[in-house]
Structure formats: C-alpha cells, structure tokens
Amino acid sequence: MPGPYADKEIVLGITGSIAAYKACELASRLVEGGATVRAVLTGAAQEFVGAASLEGITGNPAITSMFGQATNPEIEHIAVARWADLFLLAPASANLIAKAAQGIADDWLTTSLLATRAPLLFAPAMNMHMYAHPATQANIATLTERGAHFVGPDSGALACGDVGPGRLIDPAAILERVRVLLNPVHPLAGKRVLITSGANHEPVDPVRFIGNRSSGKMGRALALEALRQGAEVTVVTGPHEAPLPRDAQSIHVETAAEMLEAVEARWNDTDIFIAAAAVADYRVDRPMAEKHKRDGSVLTLTLVPNPDIARHVGLKKRADQISVGFAAETHDAVRNATDKLSRKNFDLVVANEVGVAESGFGTDTNKAWLVAPGMEAEELPLMTKDALAVRIFARILTAVTASPDPSPVHGASR
Ligand code: CTP
C-alpha cells in the first residue's frame, strides 16, 4: 500500500535548535511514508545535528551551504524550489521565521523559500520569551497572512529551564499536518462560518470610548482553521490587534449594536456561528455630541445594557445551524459555561479561565474546557489559541458529520 507521502517531494529545512535532532526522526518517517526528502541545514543547525546522518536517512545529499556542493548553486536552489511539493521547516528558529517574513535571502534555505511556490509549514522551536516577543508574533502573523502554515509550538519545560510555549511540537503532530497539506481534504467545503471577534468600543463622546482588552487572537485562530477546512469565512470584528487572514471576509464594526446588525444581516446564510468577540455588555446611554471638557466636577455616565448577540441569534437558530460560544470565567468555569449553553442555545461552549497566567485576554495560550449538552466537560491542557481552534473545529466537525440535521434547541429559555 502506498504510504501517506507517496511520490511527494519534501524539502526539510533544519535550523539551529536543541530540537534539531528530531529532524532525523521526521526525515526517517517521511521516507518510510514514501516521500523523497532533501534536507537543508543552516550553519547553526549543523552545530546540533550532522549532515551525514540526514544523508544516510534520506539517501540524498544534504544541502549545507550556498556554494558548497552544487556545480551551479544559483540554478540548483531554483530547481529544488520548483521540485518541492512542500517545504517543512522543523525546527524553525525565531531567526528563520524573521528572515522568511522579511524576505531576507542570505543562505540556501532562505533563498529557496523566496523562490518556491510550494506550501510552507513551520514548526517553531525557541525560548518562550522569544516566541512571545511581539517581533516574532508579528512575523508569524505576516507569514500566516501570506498563506504559510504553522504547527505548534507546544507548551512545556524548555531546554533553557523556562516553562511555556516554545517547544517543538511532537513529530507525530507535524507529520499529521504534512499529510493533510499534501492531501488536502476540505470537510467544511461549502459551509459558511460566521465569527464575531475582537472588542467593542462604546462611545462616550467623539474622542473617548469604553472598551475592553480583547486582542482578537482567538477569532483569528478560528478563522484560519475554518479556512484550512475549506469553509467560506466571514469575521465580524470589533477593534483588534491580531491581523485577520486575507482569505476571510472581514466586516469592521465598533459597537455591540453594529456587531449585532452585521451578524443579523448574515444569519440566514450561516451554517456555523462562533461568538468569539468580547462583546461590551453596556454602552453609554447618550454619548455626548461634542468633546466633554474637563471642568473638575464629577462626571456620571449612565450605562445601559447592550443586546446579547449570541442569545439573540441563538434563540432563532435553525436545526441545521450550529452555534458555538465562549465563556470567559474567573471561577466555576464549567458550571457558568453550562448555564450559558442553555441560556444562549449554544451547541458548544468553550469555557476559558481568565485572570490566570497564560490564559485569557491578549495571551497566546488558553486553558479551556469544552462543554456540550448531555456530555461531560472535556478539560483541555494549556495550549496555544491556534491549537485550541483545531480542537474546537474537531468538535464542530463531529456535529456536522454526525447528523445533517443537528439537534435543535437545548433547553433554551425564551
Ligand atoms: N456574547 C454576545 N453578546 C453579548 C455578550 C456576550 O454575543 N452582549 C457572547 C460572547 O461572544 C461569548 C458568550 O456570549 O461567546 C459569553 O460571553 P461572556 O462575556 O462570558 O458572558 P455574558 O453573557 O456577558 O455573561 P457574564 O458577563 O454574566 O458572565
């Protein structure tokens, strides 16, 4: 039986990391699965793993420098860039990610990354502070927007003694993504996914607003995963930091009322709704028409409740529509999520802990439970928002495929 990578040509780019030795396992499993593998080692990678090992495993010469072996290196890197079905960068250092994002071509690997049209899959490995650094996050966002793929990193104890996200994800997870990228299946093809994301700004006067800390990172991760699964994606987004994927349709709003209007306008054409926005619960009753002048006296604002967007559409949900919500809780996450499940007629609630380290607003990771009607809550380990999006869609897919006519109202109070 042909292996999962039969007849595929893969460039395995390896950078300097303590995890570089795992590239040997990756190369060996790819070859076993039928791929032809060309290993490329940066200068730093060669301090951690030997080119000879990779040559032995792949049966092909490893590329270690721009002007080393080939008779015509200029042509060779173009030829390999054209030949490849996939570039797998594992482990991918912060430096490689930065160079790829900026289009720097100063060695064989980065030069061929510019020349190739093949999909790029980065498996980052670095110190958690390097991973969390805004420069690295901006570079990942740039590459993602351009269509590059990322798998991991994992969270855990790092070689430097820190504990957090930055560890090369398990080779099995990398190989699974390689398999999917080489043999794309689009289980959500033809499905329309509508996501609310980001914060709301509720005006006080023409220059001031009341807002919240939502970064939009979870909404972005969900949009990317939905696109990967072949869905048509619309994101109704309030103000946010995280850039949205180019392939999603983005509708920009400020207030909760505008968000509700945009969701309502698309509701009938929606198959899967995900309420990831941190909707402002209140707005200023009568925003001032002119800028308020500071006169030293106490200023009292009257706040009135905003509409509950998820509940509003949840209560008119058709049997063929799926609605997913979040419950940001500081305590009793599962109990509060169960309450929201029925109050807002959700099919799934992602309960996440806010106010604890590495989880909630603005962070890259989340500690969450998946809560669905009639099932015991599934506790997930601390994971990146990208990984959480994958888990959420795995659940959604089960619901989509289990029944073309998903179960109707779950005890919603009307
Ligand atoms: N939500 C919404 N419209 C609102 C408030 C919340 O659509 N006005 C959605 C959120 O996007 C999220 C879910 O409802 O998916 C739960 O949001 P959360 O802020 O946790 O709950 P609240 O309903 O505001 O309840 P509470 O503040 O009492 O926890």
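This write-up is about the structure you can find in this document. (Residues numbered from 1 in each chain as written. Predicted model: local features only at pLDDT ≥ 70, side-chain atom pairs only at ≥ 80, totals over all residues. Heavy atoms only, no water.)

1. Brief notes about the sheet that holds strand β4 (residues 120-124)
Convention followed: Note: two strands are recorded as paired if DSSP finds a minimum of 2 bridges between them. Each helix is a run of DSSP H or I of at least 4 residues and each strand a run of E of at least 2, with the numbering of both proceeding from the N terminus.
Read from one edge of the open sheet, five strands run β2-β1-β3-β4-β5, paired in parallel fashion. Every other strand in the sheet has two partners, leaving β2 (36-41) and β5 (149-150) as the edge strands with one partner each. The sheet contact formed by strand β1 (residues 9-14) and β2 spans six bridges and is parallel. Among the inter-strand pairings, Gly 13 is bridged to a residue of β2, identified as Val 40.

2. Some points on the pattern of salt bridges
Using the following cut-off: Any Lys or Arg side-chain nitrogen found within 4 Å of a carboxyl oxygen on Asp or Glu counts as a salt bridge. For every residue, the accessible area obtained with a 1.4 Å probe (protein chains only) is divided by the maximum for its type, and the residue is called buried under 20%, exposed over 50%, and partly exposed between those limits.
Tallied over the full model, the rule gives 17 salt bridges. Its salt-bridge partner being Arg 29, residue Glu 25 comes within 3.1 Å of it at the nearest N-O pair. A residue pair is termed a helical-turn pair when its members lie 3 or 4 positions apart in one helix, as Glu 25 and Arg 29 do in helix α1 (residues 22-32) at four residues. For Glu 25, a relative accessible area of 37% translates into the label partly exposed. A salt bridge links Arg 395 to Glu 378; the nearest nitrogen and oxygen atoms lie 3.2 Å apart. Of this pair, Arg 395 sits in helix α13 (residues 385-402) while Glu 378 is found in strand β20 (residues 378-379), placing the two residues 17 residues apart along the sequence. Given the relative accessible area of 27%, Glu 378 is considered partly exposed. Put simply, Lys 99, Asp 106 and Asp 107 are held in one network by salt bridges that share partners.

3. What to know about the environment of Thr 196
Going by this rule: Contacts are assigned to residue pairs with any non-hydrogen atoms lying within 4.5 Å of each other.
Position of Thr 196 relative to the elements: it lies in strand β8 (residues 192-197). It is 12 Å that separates the C-alpha atoms of Thr 196 and Thr 270, two residues lying 74 residues apart in sequence. Leave out the neighbours within four places in its chain, and Thr 196 touches Val 236, Met 259, Val 263, Phe 273, Ile 274, Ala 275, Ala 276 and Ala 277.

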